[in-house]
Amino acid sequence: MLVLVAPGQGAQTPGFLTPWLELPGAADRLGAWSDAIGLDLAHYGTQADADAIRDTAVAQPLLVAAGLLSAAALGDIVPGAVAGHSVGEITAAAYAGVLDDTAALTLVRKRGLAMAEAAAITETGMSALLGGDPEVSVAHLEKLGLTPANMNGAGQIVAAGTMEQLAALNEDKPEGVRKVVPLKVAGAFHTHHMGPAVEKLAEAAKELVPADPTVAYVSNKDGRTVTTGTEVLERLVGQVANPVRWDLCMETFKELGVTTLIEACPGGTLTGLAKRALPGVKTLALKTPDDLDAARELVAEHA
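Residues numbered from 1 in each chain as written. Predicted model: local features only at pLDDT ≥ 70, side-chain atom pairs only at ≥ 80, totals over all residues. Heavy atoms only, no water.

What about the sheet that holds strand S2 (residues 81-84)?
Here we have six strands laid out as an open sheet, ordered S8-S7-S2-S1-S9-S10, and mixed in their pairing. Only two strands of the sheet have a single neighbouring strand rather than two, namely strand S8 (225-226) and strand S10 (282-285). Where strand S9 (residues 260-263) lies against S10, four bridges are found, and the strand directions are parallel. Pairing of Ile 262 across the sheet is with Leu 284, part of S10. Of the strands in this sheet, strand S1 (2-6), S9 and S10 touch helix H13 (residues 292-302), which is tilted by about 145° from S10. (Pairing = 2+ DSSP bridges. Helix = DSSP H or I, 4+ residues; strand = E, 2+ residues; numbered from the N terminus. Contact = heavy atoms within 4.5 Å. Axes fitted to C-alpha atoms, helices over the stretch in contact; angles between N-to-C directions.)

Following this line, the structure appears as structure tokens:
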């Protein structure tokens, strides 16, 4: 059973879309999406520097566009389930037929702008904690006033809060945590700091008419499989200020009988987590078009 997943913010790197735009039709598709949302995705995916693509309002649509392009390059596939990490949930909603590509990019453009505005109110950020016991780490984060914004499983939790709170975390790590790594994001996503963005996204969602998922859609909120397009859209709105429970998503993959997991471009993070949390499951990250042949072989075996 194949699970197709889409990464979240922080996975982008300068120039990562360059080889993908050499595929037939890819540049035209990206150009049409750019016109639809008023953002030059080709420029940001091929020429812009790290600081430019760190901007939330740019990074989020760029990641969704990359996820859609790379999955389309695999051909017509029918995975057993789909999921996305944070903004990757919008990509997954398109995979599942809940939103068409243009609707997904229109929504994520508004999401990115709203979250960037919310992040500008207070200087905030996120850091990954590697290792340690989850219960001990969560209690420690709460003591420092931080939110466990991403429960990623495989020994990884992401803390979010003000820069002062994150600085305190660097000086006072939870017992057993090997390392605290600042993330390339511009705000405390999936916390109460994003409250204003939820309101704006809820308004944007009213303009969309979602379809019911055509494959199992696994939600970040609680790892549950969601069966209606209306609920998928409601969860996409709420997750902006709610923790990502990727650990529970992976538990659901296991219950569904996953045998292979393919991560869309710019892949790597979610396959890394799966290698540790889902032993025996084959994984592949679509980093460049050179990975497509191996991915198609896995699709043929497991989809």
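What about helix H10 (residues 229-238)?
Taking burial as the measure, the ten residues of H10 include seven buried ones, the bulk of the element. What H10 keeps buried is the set Gly 229, Glu 231, Val 232, Leu 233, Arg 235, Leu 236 and Val 237. Where the residues of H10 are buried, they touch helix H5 (88-95), helix H6 (101-119), helix H9 (195-205), strand S7 (216-218) and S8. (Buried < 20%, exposed > 50% of the residue type's maximum accessible area, 1.4 Å probe, protein only.)

Regarding the sheet that holds strand S4 (residues 147-153)
Sheet architecture is open: four strands sit in the order S4-S5-S3-S6, paired in antiparallel fashion. In this open sheet, the two strands that pair with only one neighbour each are S4 and strand S6 (177-182). On average, each strand axis in the sheet is tilted by 25° relative to the strand beside it, whichever way the strands run. Here strand S3 (residues 124-131) pairs with S6 via five bridges, running antiparallel. Note on S6: the bridge partner recorded for Gly 131 is Val 177. Docked against the sheet, helix H7 (residues 134-143) engages S3, S4, strand S5 (156-162) and S6, running at close to 5° with respect to S5.

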